[in-house]
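# Structure assessment
The lines below spell out each chain.
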Amino acid sequence: MSPDFRAPAASLARARRVVVLTGAGVSAESGIRTFRDTMEGLWKEFDAQKLATPEAFAADPETVTRWYDWRRLGCLAADPNPGHLALAQMEDWLAASGRDFTLLTQNVDRLHQKAGSRNVVELHGSIIEWRCTRTGQKLIPPEQAFDQFPPHSPFAERALLRPDVVWFGEPLPAAALAAAAHAVDSCDLFISVGTSSQVYPAAGFAELALHQGGEVIEVNPQQTPLTRMATWSLRGPSGEVLPMLLDEARKAHV
Ligand code: BJW
């Protein structure tokens, strides 16, 4: 075990209240594309302003829903990777000794739930659920492509279905934001995994955790704006780093 892991693993071993924030990087090893990576990021190929804003949906609902349906099917076909599985195991291990664990995810792919994580807060919604533009009612569409674009809502006349995700300029779901604030306010360890730490409000959570006395571990192959603030930065893919961190913490826990 690299000495770099000992101090953060000891922090995890002694923590009473752990918050993990995940971003697209945690699903990269499941074959789901990130947003901002230099080579594979979606925003290198697609224009966020034309696809991930309420204005884009109003202007061209067909293109936007086709793009989200394509991504929805990719998420449904994907399997959790060792990073997702390590976080589910971390929750079980902490719960077994009466400790708190909250998983805040910016991901819309539901892979944490597929891996067995239970206390998951979806900050940016889910691409697996879609909702009526008029009534807000939600449904989980069948696991095949929609047969019309944009899909019509079954809940109201002349209404459409849109993915139940949070676009730029939209507020995060109030319950998710409240749950995140509560968890971050009282955590003693915050672990930021696979996020570029550029999209707010999630990008501000690690700093809040530090300000109220928590320690912060960052897991990412690249530097981010969080790196200089983090208590420890573990460089590498989460599918490799998280299982090692958990393994070392289990050995350190008495
Ligand atoms: C690996 C890896 C491996 C690679 N292992 N790691 C304050 C300051 C400035 C601006 C703002 C601010 N507050 C709000 C804003 C505006 C805006 C914002 O933050 N803009 C910034 C870009 C500047 N925020 C918003 O608009 C938010 N809403 C809001 O604040 O509302 C306020 C409001 C209140 C009341 C009324 C109205 C409004 C909403 C943000 C919604 C973000 N939506 C998206 C799309 C979701 C749907 C979809 O999937 O299409 O969410 S954008 C996209 O970015 C997606 C992600 O969840 C999010 C974050 O991306 P993430 O996860 O960090 O991915 P990447 O690609 O950026 O990074 C991947 C990382 O993984 C990299 O670091 C790699 O190195 C790493 N990696 N392989 C581990 N194997």
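Just above sits the structure.
Residues numbered from 1 in each chain as written. Predicted model: local features only at pLDDT ≥ 70, side-chain atom pairs only at ≥ 80, totals over all residues. Heavy atoms only, no water.

## A closer look at unusual backbone geometry
Cis geometry marks the peptide bond from Phe149 to Pro150, where omega comes out at -5°. You can see Pro150 is positioned in the loop between β5 (138-139) and β6 (161-165). Phi is positive for Arg110, close to 65°, though the residue is something other than glycine. Mapped onto the elements, Arg110 comes out in the loop between β2 (100-105) and α8 (111-115). One non-glycine residue, Arg158, lies in the positive phi region at around 55°. Here Arg158 lies in the loop between β5 and β6. Overall, Arg158 belongs to the exposed group, its relative accessible area being 73%. (Helix = DSSP H or I, 4+ residues; strand = E, 2+ residues; numbered from the N terminus. Buried < 20%, exposed > 50% of the residue type's maximum accessible area, 1.4 Å probe, protein only.)

## Observations concerning the site of the ligand
Neighbouring residues of the ligand: 34 residues in total, closest Phe35, Arg36, Tyr68, Thr195 and Ser196. Here an oxygen atom of the ligand and a side-chain polar atom of Asn220 are 2.7 Å apart. Relative to its unbound accessible surface of 1,500 Å², the ligand loses 74% to contact with the protein. Elements with a contribution of two residues or more to the shell around the ligand: α2 (25-28) and α6 (61-77). Counted by class, the shell around the ligand contains 16 nonpolar, 13 polar and five charged residues. (Near = heavy atom within 4 Å. Polar contact = N/O pair within 3.5 Å; in protein donor to acceptor, adjacent residues only side chain to side chain. Areas by Shrake-Rupley, 256 points an atom, 1.4 Å probe, with all protein chains shown as cover. Nonpolar A, V, L, I, M, F, W, Y, C, P; charged D, E, K, R; others polar.)

## Here's the deal with the sheet that holds strand β3 (residues 120-122)
With parallel pairing, the six strands of this open sheet are ordered in space as β3-β2-β1-β7-β8-β9. Of all the strands in the sheet, just β3 and β9 (232-234) have a single pairing partner and so form its edges. Taken over all neighbouring pairs, the strand axes of this sheet differ in orientation by 20° on average, direction set aside. In this structure, strand β1 (residues 17-22) lies alongside β2, joined through six bridges in parallel fashion. Bridged to Leu21 within β2 is Leu104. Each of β1, β2 and β7 (189-193) is contacted by helix α7 (residues 82-96), which is oriented at about 155° to β2, the strand it contacts most. Set on the sheet, helix α11 (residues 238-252) makes contact with β7, β8 (215-219) and β9; between it and β8 the angle comes to about 140°. (Pairing = 2+ DSSP bridges. Axes fitted to C-alpha atoms, helices over the stretch in contact; angles between N-to-C directions. Contact = heavy atoms within 4.5 Å.)

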